[in-house]
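Commentary on secondary and tertiary structure
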Amino acid sequence: GAVVSQHPSRVICKSGTSVKIECRSLDFQATTMFWYRQFPKQSLMLMATSNEGSKATYEQGVEKDKFLINHASLTLSTLTVTSAHPEDSSFYICSARDGGTGYNEQFFGPGTRLTVL
Amino acid sequence: GIQVEQSPPDLILQEGANSTLRCNFSDSVNNLQWFHQNPWGQLINLFYIPSGTKQNGRLSATTVATERYSLLYISSSQTTDSGVYFCAVGRGWGGSNYKLTFGKGTLLTVNP
């Protein structure tokens, strides 16, 4: 149980285009999902918290208009990188909390590697 | 915000050796998780351990919440144990308060 999927696993795009990444909780309902970013040989940095049915909460320094987050259902959150530039190239990872257990444990997706040319 | 420090940053072992990884945190927490990040980037949940002791095969973990640290023990290490081990903590309830703060990780290399 507690499986989180991400799609796509890898994407290469041209500068100026937009890219959408999907995060799904496959066997549980996630009222809260999280989006992280990881640069090579570094730790994970939280970008935003995705709340089902409401606006996302962004961490300080993260551009809301550039990283659009939508959490339309209890099993799906999407991250759209708008007008991507080479500096947006990174490894994006989502996580989800199983709100039905009463615990705070989070489960992570396999990540999406974004390369912007 | 809460600070998370992991030590050592790098660790090299011979296969079969034992090791202890440490995670110190600066404030009280209600969530502490240990992860292993594999070579493809996937974070594998090892332990959810805001307090107490747990064991899973060759791995065990102990969190002493009152002293704000957690330890991850790896016994009889294998080459497949290589990778980065992260400690992450959370300290709130509700919405964005469930967020995790990650340490910088320990890079473990197990040589045959």
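This report concerns the structure included in the present document. (Residues numbered from 1 in each chain as written. Chains lettered and ligands numbered in written order. Predicted model: local features only at pLDDT ≥ 70, side-chain atom pairs only at ≥ 80, totals over all residues. Heavy atoms only, no water.)

1. A look at the overall build of chain B
Regarding its fold elements, chain B presents 0 helices and 11 strands. The secondary structure elements of chain B, listed N-terminal to C-terminal, are β-β-β-β-β-β-β-β-β-β-β. The C-alpha atoms of chain B give 14 Å as radius of gyration, which agrees with the globular expectation for 112 residues (13 Å, within 12%). Principal axes of the C-alpha set define a box for chain B whose edges measure 45 × 30 × 20 Å. Buried positions account for 47% of the 112 residues belonging to chain B. For chain B, the proportion of contacts with a sequence separation of at least 24, taken over those separated by at least 6, is 56%. Surface accessibility of chain B: about 5,300 Å² in total, with carbon and sulfur atoms responsible for 49%. Side chains of chain B give 7 positive and 6 negative charges; the mean places of these two sets differ by 9 Å. (Helix = DSSP H or I, 4+ residues; strand = E, 2+ residues; numbered from the N terminus. Rg over C-alpha atoms; globule rule 2.2 N^0.38 Å. Buried < 20%, exposed > 50% of the residue type's maximum accessible area, 1.4 Å probe, protein only. Contact = heavy atoms within 4.5 Å. Areas by Shrake-Rupley, 256 points an atom, 1.4 Å probe, with all protein chains shown as cover. Lys, Arg positive; Asp, Glu negative; His and termini not counted. Charge placed at Lys NZ, Arg CZ, Asp CG, Glu CD.)

2. Re the environment of Leu 11 of chain B
Residue and element names in this part refer to chain B. With respect to the element layout, Leu 11 can be found in strand β2 (residues 10–14). Taking the relative accessible area as the measure of exposure, Leu 11 reaches 18% and is therefore buried. Leave out the neighbours within four places in its chain, and Leu 11 touches Ser 19, Leu 21, Thr 106, Leu 107, Leu 108 and Thr 109.

3. Overview of the packing of aromatic side chains
One pass over the full model with this rule turns up 8 aromatic pairs over all chains. Residues Phe 67 of chain A and Tyr 92 of chain A carry aromatic rings whose centres are separated by 6.3 Å and whose planes lie at 45° to one another, so their mutual orientation is tilted. Of this pair, Phe 67 of chain A sits in strand β7 (residues 67–73) while Tyr 92 of chain A sits in strand β9 (residues 90–97), and the two are 25 residues apart along the sequence. Ring pairing ties together the aromatic residues Tyr 36 and Phe 108 of chain A together with Phe 35, Phe 86 and Phe 102 of chain B, which thus form one cluster. (Phe/Tyr/Trp six-rings, centres within 6.5 Å; stacked < 30°, edge-to-face > 60°.)

4. Regarding the nonpolar core
Within the largest apolar cluster, 26 residues are counted, with the highest numbers of intra-cluster contacts made by Phe 67 and Leu 114 of chain A. Broken down by secondary-structure element, the contributors of at least two residues to this core are β2 (10–13), β3 (19–25), β4 (32–38), β5 (44–51), β7, β8 (76–81), β9 and β11 (112–116) of chain A. Leu 114 of chain A has contacts with Val 11, Cys 13, Val 19, Val 81, Asp 88, Ser 89, Ser 90 and Tyr 92 of chain A, leaving out every residue within four places of it along the chain. The next biggest cluster of nonpolar side chains, apart from the first, holds 22 residues, and it includes Val 4, Leu 21, Ile 74 and Leu 108 of chain B. (Core = buried A, V, L, I, M, F, W, Y, C linked by side-chain atoms within 4.5 Å.)

5. Observations regarding the side chain of Ser 25 of chain A
Residues and elements named next belong to chain A. Structurally, Ser 25 is set in strand β3. The buried category is assigned to Ser 25, whose relative accessible area is 3%. From its side chain, Ser 25 meets the backbone oxygen of Phe 28 in a polar contact 2.8 Å long. Here Ser 25 is in contact with Val 3, Ala 30, Met 33, Leu 74 and Thr 75, once residues within four sequence places are set aside. (Polar contact = N/O pair within 3.5 Å; in protein donor to acceptor, adjacent residues only side chain to side chain.)

6. A few points about the state of the cysteines
Residues and elements named next belong to chain A. Tallying each qualifying case throughout the model produces 2 disulfides over all chains. Two residues share a disulfide in this structure: Cys 23 and Cys 94, whose sulfurs sit 2.0 Å from each other. Handedness here is read from the sign of the S-S torsion; for Cys 23 and Cys 94, about 80°, the answer is right-handed. Taken together, the residues Cys 23 in strand β3 and Cys 94 in strand β9 connect sequence positions 71 residues apart. (Disulfide = S-S within 2.5 Å.)

7. Regarding the interface of chain B and chain A
Interface extent is often summarised as the accessible area lost during association of the parts. In this complex, chain B contributes 22 residues to the contact, which on the side of chain A involves 25 residues. Together chain B and chain A conceal approximately 1,800 Å² of surface at their shared face, both sides included; 53% is due to carbon and sulfur atoms. For chain B, the biggest contributors to the area lost against chain A are Tyr 48, Tyr 98 and Lys 99 of chain B; these three give 29% of the whole. If you look at where chain B meets chain A, you find 1 salt bridge. Close ionic contact of Lys 99 of chain B with Glu 59 of chain A constitutes a salt bridge, the shortest N to O distance being 3.1 Å. For the interface between chain B and chain A, the tally reads 10 residue pairs in polar contact (both at pLDDT 80 or more). Counting only elements with at least two residues in the side of chain B that touches chain A, the list comes to β4 (31–37) and β5 (43–48) of chain B. Partitioned by chemical class, the residues of the side of chain B that touches chain A number 9 nonpolar, 11 polar and 2 charged. (Buried area = accessible area lost by both parts, 1.4 Å probe. Salt bridge = Lys/Arg side-chain N within 4 Å of Asp/Glu carboxyl O. Nonpolar A, V, L, I, M, F, W, Y, C, P; charged D, E, K, R; others polar.)

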